[in-house]
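Listed here are the chains, written in short residue letters.
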Amino acid sequence: MQNVTLHQLRVFALAAEHLSFTKAAEELFLTQPTVSMQMKQLTKAVGLPLFEQVGKQLYLTQAGEILYESCQRVFSELGELESAIADLKGLKQGKLKLSAVTTTKYFLPRIISPFCQKYPGVELSLRFTNHQRIWQYFHENQDDFYILSQLPAHVDVTAHKILENPLIAIAPADHPLAQETDIPFERFAEEPFIMRESGSGTRQALEELFQKYKMQPNVRLELGSNEAIKQAVLGGLGISVLSKHAIALEQDTGWFAILNVQDFPIKHHWYAIYPVGKKLSVVARTFLDYLEAERPLIANEKKPNAKEIKNHEHPPQP
Ligand code: PGA
């Protein structure tokens, strides 16, 4: 392994993540033969095959999986080293890695733009996925911090409340229940329902409500995206439950009715969380301070202005 280069490990990690040399090549702006050559040299250095091809599908071998896990640790350490050096220099620069639940898509990208303009040296990587995946990343210590709604009872986390995330019941505007008030939960439960995928926090919250009534939702369709659910609701396939923020842009169109159902909205909050004891980098701390300071602005769904954002100076941590 002495001759293995960081570059080879980077190429390998991307090929392993996508299980595709072509995708790794695209992301790294390399040609596919270059990636194949790098992987050939790496395989030789390791002394065992790293990938195997079954039909058209590429798989990691056991050695490949072990190497992939090591790569994740190595790159995470290197990222931390980079941040630690930037912190020592008192610089607000370096990588900031965040994972957030899909419901935050409706405000996070909008508010990070002024932050990035103010701190151009910050390289931000933000991925949106569902609740279950966020926990996986949390346990693998993949990011600086994580944004989600449901706090676990069994894991010690440091949590900062960011914003309310009410879950509402929606239907097309011409739905028979649209004009009703005080709709009993039992009546709501009869309707064909469009459900988020398993692993979604929105789904989990709704299932807990159904459990409270000892009932089962009448699921007509399962979809892994809030946007697809909105389209399916508009198409008349059923009703659903989404974050109120997910329909903010459609609010004035009159396309959706927010159903006035017993026990709704389901009260939720977004939290920024990280493991207890984790030392945030200066950049992560600054971004967290920014999120907390801009809370009123996010809640009012206004567009922040780069010139107006406050200076979230934070001294380097000892
Ligand atoms: P999710 O988001 O449904 O995409 O998991 C839930 C949440 O807001 O925590």
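Reading the values: rules and limits
Along every chain, residues carry numbers that run from 1 in the direction the sequence is written. Predicted model: local features are reported for residues with pLDDT of at least 70 only, side-chain atom pairs are reported and counted for 80 or more only, and whole-chain, interface and lining totals are derived from all residues. Side-chain descriptors were evaluated using all non-hydrogen atoms of the structure, hydrogens and water having been removed beforehand. We define a salt bridge as a contact between a side-chain nitrogen of Lys or Arg and a carboxyl oxygen of Asp or Glu at a distance within 4 Å. A helix here means a DSSP run of H or I that spans at least four residues, while a strand means a run of E at least two residues long, and both kinds are numbered starting from the N terminus. Here's how the labels work: a residue is buried when its accessible area is under 20% of the maximum for its type, exposed when over 50%, partly exposed in between, all with a 1.4 Å probe on protein chains only. Domain delimitation follows an automatic or database domain assignment. Only a single heavy atom is needed: when it lies within 4 Å of a molecule or strand, its residue is near that molecule or strand. Whenever two N or O atoms come within 3.5 Å, that pair is a polar contact, provided that in protein one can donate a hydrogen and the other can accept it, and provided that, for residues adjacent in sequence, both atoms are side-chain atoms. The accessible surface values rely on the Shrake-Rupley method and a 1.4 Å probe; as for residues, cover is taken only from the protein chains in view. We call two strands paired when DSSP finds no fewer than two bridges between them. Each axis is a line fitted through C-alpha atoms, taken for helices only over the stretch in contact, and angles between the N-to-C directions span 0 to 180 degrees.

**Q** Got a minute to help me understand the pattern of salt bridges in this structure?
**A** Two side chains carrying opposite charge are able to pair once their charged atoms lie near each other. Overall, the coordinates contain 11 salt bridges when judged by the stated rule. Residues D263 and K212 are paired through a salt bridge, measuring 3.0 Å at the closest nitrogen-oxygen approach. Highlighted residues: D263 in the loop between β11 (256–258) and β12 (269–275) and K212 in helix α8 (residues 201–212), separated in sequence by 51 residues. We classify D263 as partly exposed; its relative accessible area is 32%. Members of the salt-bridge network, linked through shared partners, are R187, E190 and E191.

**Q** Quick question: what am I supposed to make of the domain arrangement of the protein chain here?
**A** Partitioning the protein chain into structural domains gives domain 1 (6–68), domain 2 (91–164 + 269–309) and domain 3 (167–267). Between the C-alpha centres of domain 1 and domain 2 the distance comes to 31 Å.

**Q** I'm lost on the site of the ligand in this one. Help?
**A** By nearness alone, every residue bordering the ligand is listed as V101, T102, T103, N130, H131, S149, N165, R196, S200, G201, T202 and W270. Within the backbone of H131, an N or O atom sits 2.8 Å from an oxygen atom of the ligand. T202 is positioned with one of its side-chain polar atoms (N or O) 2.6 Å from an oxygen atom of the ligand. When the ligand sits alone it has 280 Å² of accessible area, and the protein chains cover 100% of it.

**Q** Would you take a moment to explain the sheet that holds β11 for this structure?
**A** What holds strands together in a sheet is hydrogen bonding between their backbones, with the strands either parallel or antiparallel. The strand order across the open sheet formed by five strands is β9-β8-β10-β7-β11, and the pairing between neighbours is mixed. Every interior strand has two partners, whereas the edge strands, β9 (218–223) and β11, have only one. Sheet twist, expressed as the mean angle between neighbouring strand axes with direction ignored, is 40°. Bridging between strand β8 (residues 192–196) and β9 involves five bridges; their strand directions are parallel. Along β9, the bridge assignment pairs M195 with E222.

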